[in-house]
Amino acid sequence: MSQTNLGSYSPNTWCPGCGNFSILNGIKTVLNELKDTAFPLENVVIVTGIGCHAKIVDYLNVNSFYAIHGRALPVAEGIKIAKPALKVICFAGDGDAYGEGLEHLVFAAKRNIDITVIIHNNRSYSLTAFQYSPTSFVGFKGRSTPHGSIEAPLNPLELMLASRATFLARGTSHGLPLLMRLFKESIMHKGFALVDVLQVCVTYNNLYEYYAKRVYELQDHDANDPMAALTRIREWDYNSDASIALGVFYRKEATTFEEKFAPPHITTQERDVRIKQLLRESI
Amino acid sequence: MSQTNLGSYSPNTWCPGCGNFSILNGIKTVLNELKDTAFPLENVVIVTGIGCHAKIVDYLNVNSFYAIHGRALPVAEGIKIAKPALKVICFAGDGDAYGEGLEHLVFAAKRNIDITVIIHNNRSYSLTAFQYSPTSFVGFKGRSTPHGSIEAPLNPLELMLASRATFLARGTSHGLPLLMRLFKESIMHKGFALVDVLQVCVTYNNLYEYYAKRVYELQDHDANDPMAALTRIREWDYNSDASIALGVFYRKEATTFEEKFAPPHITTQERDVRIKQLLRESI
Amino acid sequence: MEDFSVLIGGKAGFGIDKATLILGHLLNQCGYRIYIYHDYPSLIRGGHTFSIIRAAQTKIAAHRNKIELLMALNRETIDLHQARLNDGALVIYDSDAVKELVLSRQIRTLGLPVGKIVKDENAHEVMRNICMIGAFAKAIGIPMETLAKIITENFPKEVEMNVKVAERGFAAAETVKSIAPPAAEPLPLISGSQAIGLGLIKGGLQDYVAYPMTPTTPLLHFLAEQANDFSLKVIHPESEIGVMLMALGFAYAGERAAVGTSGGGFCLMTEGLSLSGMSEVPIVIVLGQRPGPSTGLPTYSGQTDLHFALNAGQGEFVRFIVAPGDLEEAYYWSAQALNLAWKYQIPAIVLTDKNLNEGIGNFDIRSVAEIPEIPPVTWEGKVPYKRYEVGESGISPLAFAPQKDAVIKVNSYEHDEFGITTEESTVTKKMQDKRLRKEKYLREELKGFRTVNTYGNDDRSTALLCWGSNKGVCRELAEKLGLKVVQPVVLSPFPEDAFRKAVGGVKKLIAVENNATGQLARLIKSYGFCADSMILKYDGRPFALDELETSVKEAIR
Amino acid sequence: MEDFSVLIGGKAGFGIDKATLILGHLLNQCGYRIYIYHDYPSLIRGGHTFSIIRAAQTKIAAHRNKIELLMALNRETIDLHQARLNDGALVIYDSDAVKELVLSRQIRTLGLPVGKIVKDENAHEVMRNICMIGAFAKAIGIPMETLAKIITENFPKEVEMNVKVAERGFAAAETVKSIAPPAAEPLPLISGSQAIGLGLIKGGLQDYVAYPMTPTTPLLHFLAEQANDFSLKVIHPESEIGVMLMALGFAYAGERAAVGTSGGGFCLMTEGLSLSGMSEVPIVIVLGQRPGPSTGLPTYSGQTDLHFALNAGQGEFVRFIVAPGDLEEAYYWSAQALNLAWKYQIPAIVLTDKNLNEGIGNFDIRSVAEIPEIPPVTWEGKVPYKRYEVGESGISPLAFAPQKDAVIKVNSYEHDEFGITTEESTVTKKMQDKRLRKEKYLREELKGFRTVNTYGNDDRSTALLCWGSNKGVCRELAEKLGLKVVQPVVLSPFPEDAFRKAVGGVKKLIAVENNATGQLARLIKSYGFCADSMILKYDGRPFALDELETSVKEAIR
Ligand SMILES: Cc1ncc(C[n+]2csc(CCOP(=O)(O)OP(=O)(O)O)c2C)c(N)n1
Ligand SMILES: Cc1ncc(C[n+]2csc(CCOP(=O)(O)OP(=O)(O)O)c2C)c(N)n1
Ligand code: SF4
Ligand code: SF4
Ligand SMILES: [Mg+2]
Ligand SMILES: [Mg+2]
């Protein structure tokens, strides 16, 4: 395997110990591996919203679109539809993708467009210095809810299953080997893939211990069975105390959105001829 | 029962035969009934987005907020939180609430705020003269997809269940007795309630026959069982040919969002005193 | 008849649209120049909708209130429009629908049992319109063959039945007036939406992304229909936010993309607009105006979003805004908007309105100036690739993934030349200067374009100042009254010099706008120019020629 | 020392914020007037962040670049800021973190083994800041008791340990400079966000809805903390679209609501803004500016959204826009924005920036003008209730559900007096006139307010033109240089007459703005006023007093 340092010269400004480092390291290793076996590096485009998570674009020396808060998905879709050969990977936050931009996520899943979405789910708005997010537990004392949030969290995987996503997985930022496997599989999956990473935010929402006690890896799970997937997905609702399954919950093969566009190429001349023709028909 | 003509002087501009008439008539009857048994008419506020469906506000002589496309939900939430005694009912379209404003729907359900949402699901953008919607079947030849849409529809009830809605039902615009029952139950339900009405658009998407052949009313269904609800909800995916269940799929009791705000009243004087006090503490 | 107008009206669902098109093509075939105004409420069936088809000997782009022919499929049409009838006008009506018609002596009438004819023929009720058109053709002396040809070309289905019904109408009528000898070869008859669509295609459009919203919905429909022929990807996503961001994705990936919307949808695009400004990922937005605020009057026309378009989006960035005034300008500038947006890597807005988008008229491609390709500046392989290389012009060479040896990073944050985020004060200033510098070069390039149009001799000291779709009506009126017209087409960057030249010698400048505050007048004021008076109309209806004439005469009195 | 500045710097996570506050309060207690500028990048740990605490004898609202004391928790702080040191300045530093310090002769240094002290005491590393503050107090002659009191008041936890660590720092230092005698009674020390929040509360705020976005996030935090005390409902929903629409729901239901955001979030609110204009459901938006376009420099300051705020949203409608220049104005105008929005049933924007929102200074409530309640016009029970009754002033009486005998219908479409949709041309014009007419009455009412501030005698012929947070620096500098200052506070409707009066006699008008194009200069131009020169800064950093002095001197040379 040829090693490439995928890093950039940008100084890293994540807090020491932040779970984002695992995601960064994991994706570097995975892309390095895939570039030898699957696709050249220049075919990779990463797209992000805004948040601590999104800083990953600055730290990866690959093509990228550092978009705006909540809107990584539609940008990624445009890129993929334009150039289906590209490998388009979104890194999104929980506030970003499950909050501000949730709608895009649902529709990207519905379309089964072949992109990969990696959620840095630290269950907090961190870059804006600590507010509850759509996956924060009830009673979360963020700075917009100092007396405890009164909303129950969403179960994003359940929502994504209902939105017809064809690959759903969960990992944690402290289980790097599994995480890398999930990254690889999700990137290689043909269709819409989402990996919900329980990313520890050491500064604001350090759930390291909490997760360490509860996570387990899925065994003997039939990821092709939507009902089995749902059962496992519902096991933990991101709020109550339960075991937290990690691994691939669901996987399905289906035609993808971008495949359905195969417009023939057209030259400038042909264009002009057809314009004239259309005008003639309008007389 | 005291009869009130809930109509307004606004001329009705729906197409003759449009399923929206049933919804209008149904809600008039139900509100007339409830005003004697449950709450006075002036406690009703209806909120809509924009679309054929939304014209219902002009035809009902009750308090209303004719909002903008896709945004009925947050307006309704604000009204309800401000005045929990009000009965807030949203009339929304499929393009409107399942498309443009889907995110608000998910979050309103997540909060379990006590409002009622009635979806005029004609599975088409009708007021804009016929485009596919998030619930149109694959191959739909709307005017933005003249060669047939390539996207599979969402199953909105499945999505709403995943979003933690506490009352989910389906009716059709040609089954008025059931529809009225659903309207009544959904309005009286304490918590977030959604009724998906398969509303026939006679002009653009006349599925009257299609539905007539397939619908049946839920019998012996335990609406308190989320798994049973899911099974019935998944029976028909808004695309393939299957039986279409009508009735209440799911019902759950839970505390509601607006209940959780009970701020004590404050007078102008108290306000001034506390401002001064806070300033003193900042010296 | 040299210059006459036909009004056809009825309920939505009567097929007024189709009838309008047939009438337009019929008169077009006879060698008239055509302009069609279509007035309809926001509903699908019922209500009252009508079109005015005006036919003239010279090219026109405005309607008149007064009409010479009224075609009434119901009583309401006569009630609502009889005040428009000129002396000697002819009313053709369905005598089965309109009983007891009392009109002034000067009006001639022609009642046909249209309902009965259609029933006799077992035809669909909607074909009443074709029956009326048959009578119309006979009444003004157009041969049935001409009409049959038009019908054949315009109906995908049931051609025979339509022709038959038309023949019955033809037979039931008599010739009352006579058409004028042909003025010229017929020209294509298209809508503003089609002109914009074709212009975008001419400019190299590859992707069109839109969420339906009047008055740009027809553009979406048109491009969706043309997608295969022109190798377009036409996508209608979940919302205007999705539209804008998806389109920026296309542009990043190296394709030419445009989006279309109206005010409310544009609001939702403004965050993406600002992103385009910062990331230098180009985009063309077709912004069709309608009366606001908010939902307003969705199917009517207005010019209320000029300053919103000029200032939308947080922060300061260069944008190109053009407001074409007629079909040829719509075609030309839609193509050039793509060219310029891609060359300068900026957002461009084609600012139109319902009146331009849905107005139908003759399109003369021969009168459109050459549209040279303006190639974007692309990377020549110098390593390392810097997406935001700072050069004299502010334009950095483009590259598109996948590209060996180039890492292409675009960024919504302030960033350095490689596209890496920065918060450093000197880099911030340098990059902001780089981006803003593009305006200077764009201004320079625009000197080679007709950014401000004038009509009428330079010695005319009274001028009508107008923009967008008011060009047609102002130009025709000015010709008649001996006035000058000044029409800025490019609105950003504002062509100050060209404008100064255009108003040179003008003593009295009268702004004619479809808004309540005089938005163009306000814009020129900030460049030190002053409109002496304003004629403003903001009820959603465009100016009719005769109506504007009254107002202008008052203003110059 | 009469007027001096202390800079404290280090990495994010060193507790610079807290230390800044302690230093501020300490000097405040000593009777100084304080102004604090805080500079930090968009990150949570690491990077470099610093504050400048300026202390003076008179009230101030600007910082200077030059400093008299530098408190360095790491080497970087010295490297980055040593150029700021005035002759005779004192550097207090952690000698465990900074070895081998070489500075010019004029600089005095005081190194303490801060790291070691903290370790000795078994204190948390972050308490290094408190140790330094102990040394600082001793160095400038503040008694340890004063410091202990401040620490006690400002630490919710571990007070004793903090005091202990401070004492160690105090003991390790020596007195180098001496503070000046107290200037006055201490005044509250608050941030712009707090001033705005208190102003909104004073104006009767019942609901605050916001999605976090710098620089208005602290306002959300502040109001969330105060929710119980002031009976507020503070909600953070799914997005800014949700924010705006939910707030309009509150307003419809009869509560006073405000929202807060910055440029990107404001983009998403523009559709709701236009809805507010059409439906006449009032709202107050606190719009905190930061450098754009797009994400830009999230934690820095700018004044680039004036024209966006003035023109955002489709269609034409009246809006009230005010840009307060300091804490007292922030308080006063936030209250009045609510009052005026509710009286005129229009959207109001409080246009601020990071610099105002996050700057900290003395707030003197005694100098704030009386804030009379401006009662909204409410229904008196005349039936039938018409939500949009057309009257002389354009203001229709309000009623709120549930209300017996009133059906309250608001509408985003054009509508009649009852709120029922219309597309009729005369009603359209009538209602648009009604809505726009409110501006006339608002203008009239605003004549009773100080809409344009001037400072300095009227005989000064050179004036600095500024808006928003530049007031502080301009005012102080003008006082020093004998210039006049003209500061329009209300920006829409633009107070043309008051502005004309304010610039009367001014020969040279110099615009001072934090943007690249001179947005206020452009605005006044459209009213026929001209800025003679512009001093523009757009690197995200506000003007420092000494920096601006140089530029102004150049401009008036
Ligand atoms: C439209 C808009 N609203 C708000 C913001 C401010 N903002 C920046 S990051 C962020 C939240 C980040 O939370 P999340 O997506 O969970 O990312 P994290 O920092 O936790 O990785 C917000 C609200 C913004 N940039 N744009
Ligand atoms: C932001 C915005 N985008 C687009 C529109 C145009 N528009 C009006 S109604 C409508 C679709 C209506 O579809 P649906 O909600 O299903 O309602 P229906 O007409 O089918 O009842 C659209 C796209 C709008 N008013 N606002
Ligand atoms: S705040 Fe949390 S998520 Fe952000 S960098 Fe620090 S630890 Fe990571
Ligand atoms: S278009 Fe369809 S939904 Fe709209 S009024 Fe007509 S039948 Fe009803
Ligand atoms: Mg997060
Ligand atoms: Mg619909």
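Residues numbered from 1 in each chain as written. Chains lettered and ligands numbered in written order. Predicted model: local features only at pLDDT ≥ 70, side-chain atom pairs only at ≥ 80, totals over all residues. Heavy atoms only, no water.

Right, let's get into the interface of chain A and chain D. At the interface, 26 residues of chain A touch 19 residues of chain D. Counting each side, the surface lost to burial between chain A and chain D is near 1,800 Å², with a carbon and sulfur contribution of 57%. Here chain A and chain D share zero salt bridges between them. At the boundary of chain A and chain D, one finds eight residue pairs in polar contact (both at pLDDT 80 or more). Looking at the side of chain A that touches chain D, its residues break down into 12 nonpolar, 10 polar and four charged. (Contact = heavy atoms within 4.5 Å. Buried area = accessible area lost by both parts, 1.4 Å probe. Salt bridge = Lys/Arg side-chain N within 4 Å of Asp/Glu carboxyl O. Polar contact = N/O pair within 3.5 Å; in protein donor to acceptor, adjacent residues only side chain to side chain. Nonpolar A, V, L, I, M, F, W, Y, C, P; charged D, E, K, R; others polar.)

Moving on, we get to the domain arrangement of chain C. Residues and elements named next belong to chain C. Assigned domains within chain C: domain 1 (3-172), domain 2 (187-449) and domain 3 (452-555). Taking the mean C-alpha position of each, domain 1 and domain 3 sit 34 Å from one another. Each partner contributes to the interface: domain 1 provides 10 residues, whereas domain 3 provides 10 residues. Taken as a group, Ala62, His63 and Asn65 account for 46% of the area that domain 1 buries against domain 3, more than any other trio of residues on that side. Joining domain 1 to domain 3, the criterion identifies one salt bridge. Note that arginine 54 and glutamate 476 form a salt bridge whose closest N and O atoms lie 2.4 Å from each other. Linking domain 1 to domain 3 there are four residue pairs in polar contact (both at pLDDT 80 or more). Class assignment for the residues of the side of domain 1 that touches domain 3 results in four nonpolar, two polar and four charged. (Domains from an automatic or database assignment.)

What follows deals with the coordination of the magnesium ion (ligand 5). Ideal donor angles around a metal are set by the shape: a four-donor tetrahedron calls for 109.5 degrees, a six-donor octahedron for 90 or 180 degrees. Residues and elements named next belong to chain A. Protein coordination at the magnesium ion (ligand 5) comes from Asp94 (OD), Asn122 (OD1) and Ser124 (O), with a distance range of 2.0 to 2.2 Å. Look at where the donors of the magnesium ion (ligand 5) fall in the sequence and you get D-x27-N-x1-S. Remark: asparagine 122 occurs in the loop between strand 4 (116-121) and helix 6 (156-162) and aspartate 94 occurs in helix 4 (residues 94-100); sequence separation between them is 28 residues. Exposure remark for asparagine 122: the relative accessible area of 6% places this residue in the buried category. (Donors = N, O, S within 2.8 Å, 3.2 Å for Na, K, Ca; no water. Helix = DSSP H or I, 4+ residues; strand = E, 2+ residues; numbered from the N terminus. Buried < 20%, exposed > 50% of the residue type's maximum accessible area, 1.4 Å probe, protein only.)

Residue and element names in this part refer to chain B. For the magnesium ion (ligand 6), every protein donor is listed as Asp94 (OD), Asn122 (OD1) and Ser124 (O), and the spread of their distances is 2.0 to 2.2 Å. In primary-sequence terms, the residues that donate to the magnesium ion (ligand 6) follow D-x27-N-x1-S. Placement of the pair is aspartate 94 in helix 4 (residues 94-100) and serine 124 in the loop between strand 4 (116-121) and helix 6 (156-162), with a sequence separation of 30 residues. For the pair shown, aspartate 94 and serine 124 are each scored as buried.

What follows is about the pattern of salt bridges. All names here are of chain C. In total, this model carries 103 salt bridges over all chains according to the counting rule given. We note a salt bridge from glutamate 444 to lysine 447, for which the minimum N-O separation is 3.6 Å. Looking at glutamate 444, the relative accessible area reads 49%, which means it is partly exposed. Judged by its relative accessible area of 54%, lysine 447 is exposed.

Let us look at the packing of aromatic side chains. For any pair of aromatic rings, the description rests on two quantities: the centre-to-centre distance and the angle between the ring planes. Scanning all chains against the criterion turns up 48 aromatic pairs over all chains. With a centroid separation of 4.9 Å and 85° between ring planes, the pair formed by A:Trp14 and A:Tyr59 is classed as edge-to-face. With A:Trp14 in the segment before helix 1 (20-37) and A:Tyr59 in helix 2 (residues 56-59), this pair connects stretches of sequence that are 45 residues apart. Here the two residues A:Trp14 and A:Tyr59 agree in accessibility, since each one is buried. Taking the centre distance of 5.1 Å and the plane angle of 80° together, the rings of C:Phe266 and C:Phe308 count as edge-to-face. Of this pair, C:Phe266 sits in helix 10 (residues 263-279) while C:Phe308 is found in helix 11 (residues 306-311), placing the two residues 42 residues apart along the sequence. Taking relative accessible area as the criterion, C:Phe266 reaches 0% and is therefore assigned buried. (Phe/Tyr/Trp six-rings, centres within 6.5 Å; stacked < 30°, edge-to-face > 60°.)

Bringing the sheet that holds strand 2 (residues 33-39) of chain C into the picture now. Whenever strands of a sheet pair, they do so through backbone hydrogen bonds, lying parallel or antiparallel. Residues and elements named next belong to chain C. If you trace the eight strands from one edge of the open sheet to the other, you get 6-5-4-1-3-2-14-7, paired in mixed fashion. Where the open sheet ends on each side, the last strands, each with one partner, are strand 6 (108-112) and strand 7 (189-191). Averaged over all pairs of adjacent strands, the angle between their axes in this sheet comes to 20°, without regard to strand direction. The sheet contact formed by strand 2 and strand 14 (residues 360-362) spans two bridges and is antiparallel. (Pairing = 2+ DSSP bridges. Axes fitted to C-alpha atoms, helices over the stretch in contact; angles between N-to-C directions.)

To continue, consider the site of ligand 2. Near ligand 2 lie 24 residues; those nearest to it are B:Cys52, B:Asp94, B:Gly95, B:Asp96 and C:Glu240. This site is not confined to one chain, since residues near ligand 2 come from chains B, C and D. At a separation of 3.1 Å, an oxygen atom of ligand 2 approaches a polar backbone atom of B:Ser126. Backbone polar atom of B:Leu127 to an oxygen atom of ligand 2: 2.9 Å apart, as the coordinates give it. Bound to the protein, ligand 2 loses 97% of the 590 Å² it would expose on its own. Elements with a contribution of two residues or more to the shell around ligand 2: helix 4 of chain B together with helix 10 of chain C. For the shell around ligand 2, the element with the most residues is helix 4 of chain B, which contributes four residues. Taken together, the residues of the shell around ligand 2 sort by class into eight nonpolar, 11 polar and five charged. (Near = heavy atom within 4 Å. Areas by Shrake-Rupley, 256 points an atom, 1.4 Å probe, with all protein chains shown as cover.)

Among the 13 residues in the neighbourhood of ligand 3, the closest are listed as A:Cys15, A:Cys18, A:Cys52, A:Cys201 and A:Val202. Chains contributing residues to the immediate surroundings of ligand 3 are chains A and D. Across the shell around ligand 3, the residue classes tally to eight nonpolar, five polar and no charged.

Before going further, it helps to examine the interface of chain D and chain C. At the junction of the two partners, chain D supplies 57 residues and chain C supplies 58 residues. The contact between chain D and chain C buries some 4,600 Å² in all, and 57% of this surface belongs to carbon and sulfur atoms. One can count zero salt bridges joining chain D with chain C. Every element with two or more residues in the side of chain D that touches chain C is listed here: helix 10 (263-279), helix 11 (306-311), helix 14 (425-446) and helix 17 (519-525) of chain D. Per-element accounting of the side of chain D that touches chain C gives the leading share, nine residues, to helix 10 of chain D. Tallied by class, the residues present in the side of chain D that touches chain C amount to 18 nonpolar, 26 polar and 13 charged.

Turning next to the relation of the copies chain D and chain C. Mapping chain D onto chain C leaves a residual RMSD of 0.1 Å; the transformation is a rotation of 180° accompanied by 0.0 Å of translation along its axis. The two molecules are tied by a two-fold rotation axis, judged by turn and shift. The C-alpha atom lying nearest the rotation axis in chain D is that of D:Ser526; the distance is 1.9 Å. (Least-squares fit on C-alpha atoms with pLDDT ≥ 70 in both.)

In this section: the environment of A:Tyr132. Within the secondary structure, A:Tyr132 is located in the loop between strand 4 and helix 6. Note on A:Tyr132: relative accessible area 8%, which makes it buried. A:Tyr132 has contacts with A:Tyr125, A:Phe140, A:Gly142, A:Ser144, A:Thr145, A:Ser149, A:Glu151 and D:His236, leaving out every residue within four places of it along the chain. Within the structure, A:Tyr132 has its side chain in polar contact with the side chain of A:Glu151 (distance 2.9 Å). Side-chain polar atoms of A:Tyr132 contact the backbone oxygen of D:His236, separated by 2.6 Å.

Remark: helix 3 (residues 72-82) of chain B packs on helix 9 (residues 240-252) of chain D, axes separated minimally by 6 Å, with the N-to-C direction vectors making an angle of 45°. With respect to their mutual orientation, helix 3 of chain B and helix 9 of chain D come out oblique. Here helix 3 of chain B runs over helix 9 of chain D; the crossing is right-handed. For the pair helix 3 of chain B and helix 9 of chain D, contact is made by B:Pro74, B:Val75, B:Glu77, B:Gly78, B:Ile79, B:Ile81 and B:Ala82 and by D:Gly242, D:Leu245, D:Met246, D:Gly249, D:Phe250 and D:Tyr252, respectively. Here the residues of the contact of helix 3 of chain B with helix 9 of chain D are counted per class, giving nine nonpolar, three polar and one charged. (Parallel < 35°, antiparallel > 145°, perpendicular 65-115°, else oblique. Left-handed = near helix turned anticlockwise from the far one by under 90°.)

In this section: the packing of helix 3 of chain B against helix 5 (residues 102-111) of chain B. Residue and element names in this part refer to chain B. Closest axis-to-axis distance for the helix 3/helix 5 pair is 8 Å, and the angle between their directions is 30°. Crossing angle aside, the handedness with which helix 3 passes helix 5 is left-handed. Listed contacts from helix 5 to Leu73, Pro74 and Glu77 of helix 3 are His104, Leu105, Ala108 and Arg111. Its residues placed into classes, the contact of helix 3 with helix 5 shows four nonpolar, one polar and two charged.

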